[in-house]
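# Observations on chain architecture
Residues per chain are reported as follows:
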Amino acid sequence: MSAELRVDLDQFRTNVRAVRRRMAPAEVLVVIKDDAYAQGVEPIVGAALEAGAMWFGGIDIPSAVRAKRVAGDRARVFCWMTVSEDEARTAIAEGLELGVGDAAYLERIAAVGGTATVHLKIDTGLHRNGVRPEQWRAFCARAAELEAEGRIRVAGVWSHIAEASDRDDDIARAQFDAAVGEAWAAGLAPEIRHLAASAAAWHRPEFRYELVRIGAFCYGVRSADGPDIPGIAPISSLVARVSAVGDDVTIDLGSVDGYPSALAGRARVATPAGARALLRVDPFSSRVEAWEGAAVGDEVTLFGPGSHGEPTPTDLGEALDTVGEEPLLRVSPLVTRVYTG
Ligand SMILES: *Cc1c(COP(=O)(O)O)cnc(C)c1O
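Residues numbered from 1 in each chain as written. Predicted model: local features only at pLDDT ≥ 70, side-chain atom pairs only at ≥ 80, totals over all residues. Heavy atoms only, no water.

For the protein chain, the name recorded in an unreviewed UniProt entry is Alanine racemase, with Microbacterium sorbitolivorans as its organism. Quoted straight from UniProt, the Cofactor (unreviewed entry) entry for the protein chain says "pyridoxal 5'-phosphate". (UniProt positions renumbered as here; feature names shortened; annotations may be inferred.)

Set out below in structure tokens:
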């Protein structure tokens, strides 16, 4: 016996539809980084297409390539990690669009051959990646030359913001607008502007432009310490089975499930008798506060939508002082994925 991750594709489609309705007329890029937050790229992309998604994007090229192979011509796929020339060649051959946030990378992509579709990234203060404002004008001028030579096509300008304070985000947005203006002045025609992720895009319409990049809310993950988002819910449940019954109930998490041991003593789980404390987590068996009539094979839900007293991924993230994506991403590839809907 081992744990299972049950992914409810119906709920995922419901979330994507709710996000798309909210963002319209802006389009939604469904973020599929890290194997769609460990939920599985292929079923997730298939379900998102059914819910009308026309854009996907991720950090890593392998997840993006897999998304493009499912979507074909039905969606555009954007990839924003700065990669080697070989990986860029693969990405371009697969029809991916590339985020470009430094001048040397722009040259590498232009040297690959073929016409790469790129989105230029301005650093609006996060300092993660992106061209600094003082270098932006020269960067755009070089991009315009490469575009004139047919080596790239500039489809968009983008950036990423902290979403920690409205004031900082407003400053970033002003820098972003200025950068877009300079791109046009350099002779580029970036028709797609994208700046916001889940929280800013949901709450602040002026951040939506033509496209928003949404990860968390598509998967039903609310922001840590943030409000519930009406109409969306977590899409998956991590379920283990009771493997032995003693004074405490022992549950089997599978041998390598990745569930954070730091949650022992801090999290509750859903059992057939209601919520119980999770007492201990170790690689081969974990312990839960006992309940009357517990039997081997009973299901215990470690996270899920919250409808049976189990914590949501964000509840667990908050218990660990991190974000709700992390408990999802920690679920080991060795845990069986089961898709419904
Ligand atoms: C992960 C990521 C997103 C999605 O963020 P959410 O807050 O989960 O919607 C958007 N843009 C970039 C650049 C990212 O890395």
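## Looking at the site of the ligand
Lys33, Ser198, Arg213, Gly215 and Ala216 are the nearest of the 13 residues found near the ligand. Contacts to the ligand include Gly215, whose backbone N or O atom sits 2.8 Å from an oxygen atom. The backbone of Ala216 places a nitrogen or oxygen atom 2.8 Å from an oxygen atom of the ligand. With the chains in place, 89% of the 380 Å² that the ligand exposes on its own is no longer accessible. Structurally, the ligand is housed in the largest pocket. Looking at the shell around the ligand, the elements that each hand over two or more residues are helix H2 (33-38) and strand S9 (211-214). Counted by class, the shell around the ligand contains 7 nonpolar, 3 polar and 3 charged residues. (Near = heavy atom within 4 Å. Polar contact = N/O pair within 3.5 Å; in protein donor to acceptor, adjacent residues only side chain to side chain. Areas by Shrake-Rupley, 256 points an atom, 1.4 Å probe, with all protein chains shown as cover. 1 Å grid on protein atoms, 1.4 Å probe; cavity = no way out; pocket = protein on both sides within 12 Å on 5 of 7 lines; lining within 4 Å. Sits in = over half its atoms within 2 Å of the grid points. Helix = DSSP H or I, 4+ residues; strand = E, 2+ residues; numbered from the N terminus. Nonpolar A, V, L, I, M, F, W, Y, C, P; charged D, E, K, R; others polar.)

## A few points about the pairing of strand S5 (residues 97-100)
Covered by surrounding structure in S5 are Glu97 and Gly99 together with Leu98 and Val100, the residues of both alternating faces. Of the strand pairs in this sheet, strand S4 (residues 76-79) and S5 are connected by 2 bridges, and their pairing is parallel. If you follow Phe78 over to S5, its bridge partner there is Glu97. Following the backbone out of S4, through helix H5 (residues 85-93) and into the adjacent parallel S5, one traces a crossover that is right-handed. (Buried < 20%, exposed > 50% of the residue type's maximum accessible area, 1.4 Å probe, protein only. Pairing = 2+ DSSP bridges. Right-handed = clockwise from strand over helix to strand, strands pointing away.)

## Side note on the packing of aromatic side chains
Under the defined criterion, the tally for this structure stands at 8 aromatic pairs. Ring centres of Phe78 and Trp80 lie 5.7 Å apart, and the angle between their planes is 45°; on these two criteria the pair is classed as tilted. For the pair formed by Phe78 and Trp80, the shared burial category is buried. With 6.1 Å between their ring centres and 50° between their planes, Trp80 and Trp158 make a pair best called tilted. Of this pair, Trp80 sits in the loop between S4 and H5 while Trp158 is found in strand S7 (residues 152-158), placing the two residues 78 residues apart along the sequence. Trp158 carries the same exposure label as Trp80, and that label is buried. Through a chain of ring-to-ring contacts, three or more aromatic side chains come together here, namely Phe12, Tyr37 and Tyr219. The ring of Phe207 carries the charged tip of Arg173 above its face, separated from the ring centre by 5.1 Å. (Phe/Tyr/Trp six-rings, centres within 6.5 Å; stacked < 30°, edge-to-face > 60°. Lys NZ or Arg CZ within 6 Å of the ring centre and 35° of its normal.)

## Describing the pattern of salt bridges
Enumeration over the complete set of coordinates arrives at 29 salt bridges. Put simply, Arg13 and Glu50 hold a salt bridge, and the shortest N to O gap is 2.6 Å. With a gap of 37 residues between them, Arg13 in helix H1 (residues 9-23) and Glu50 in helix H3 (residues 41-50) connect regions that are remote in the sequence. In this structure, Asp282 and Arg280 form a salt bridge, with 2.9 Å as the shortest nitrogen-oxygen distance. Overlapping salt bridges bring together Glu4, Arg6, Arg241 and Glu299 as one network. (Salt bridge = Lys/Arg side-chain N within 4 Å of Asp/Glu carboxyl O.)

## What about the nonpolar core?
One finds Phe12, Val30, Phe56, Ile109, Leu120, Tyr219 and Tyr259 to be the most contacted residues of the largest nonpolar core, which totals 112 residues. A domain-level breakdown of this core finds at least three residues from each of domain 1 (9-219) and domain 2 (236-340). Excluding anything up to four places from it in sequence, Tyr219 contacts Phe12, Asn15, Val30, Val31, Ile32, Ala36, Tyr37, Gln39, Ile44, Ala233, Pro234 and Ile235. (Core = buried A, V, L, I, M, F, W, Y, C linked by side-chain atoms within 4.5 Å. Domains from an automatic or database assignment. Contact = heavy atoms within 4.5 Å.)

## Section: the domain arrangement of the protein chain
Domain annotation for the protein chain reports domain 1 (9-219) and domain 2 (236-340). Each of domain 1 and domain 2 was reduced to a C-alpha centroid, and the two centroids are 35 Å apart. On the domain 1 side of the contact with domain 2, Tyr37, Ala38 and Gln39 bury the most area, a combined 57% of that side's loss. Our count for the contact surface shared by domain 1 and domain 2 stands at 0 salt bridges. On the surface where domain 1 and domain 2 come into contact, there are 4 residue pairs in polar contact (both at pLDDT 80 or more). Mapped by element, the contributors of at least two residues to the side of domain 1 that touches domain 2 are H1 and H2. A per-element tally of the side of domain 1 that touches domain 2 places H2 first, with 3 residues. In terms of residue class, the side of domain 1 that touches domain 2 is built from 5 nonpolar, 2 polar and 2 charged. (Buried area = accessible area lost by both parts, 1.4 Å probe.)

## Some thoughts on helix H4 (residues 61-71)
When we look at burial in H4, the residues that qualify are Ile61, Ser63, Ala64, Val65, Ala67, Lys68 and Ala71. Looking at the buried residues of H4, the elements they touch are H2, H3, strand S3 (55-58), S4 and H5. Looking one or two residues past H4, Gly72 carries a phi angle of roughly 55°, positive in sign.

## Structural notes on the layout of surface pockets
Roughly 990 Å³ of volume is contained in the largest pocket. Taken together, the elements giving at least two residues each to the lining of the largest pocket come down to H2, helix H8 (166-185), helix H9 (198-203) and helix H11 (325-330). Of the residues forming the lining of the largest pocket, the biggest block, 4 residues, is contributed by H9. Domain assignment of the residues forming the lining of the largest pocket places at least three in each of domain 1 (9-219) and domain 2 (236-340). (Points joined across faces, edges and corners; volume = space filled by probe spheres on them.)

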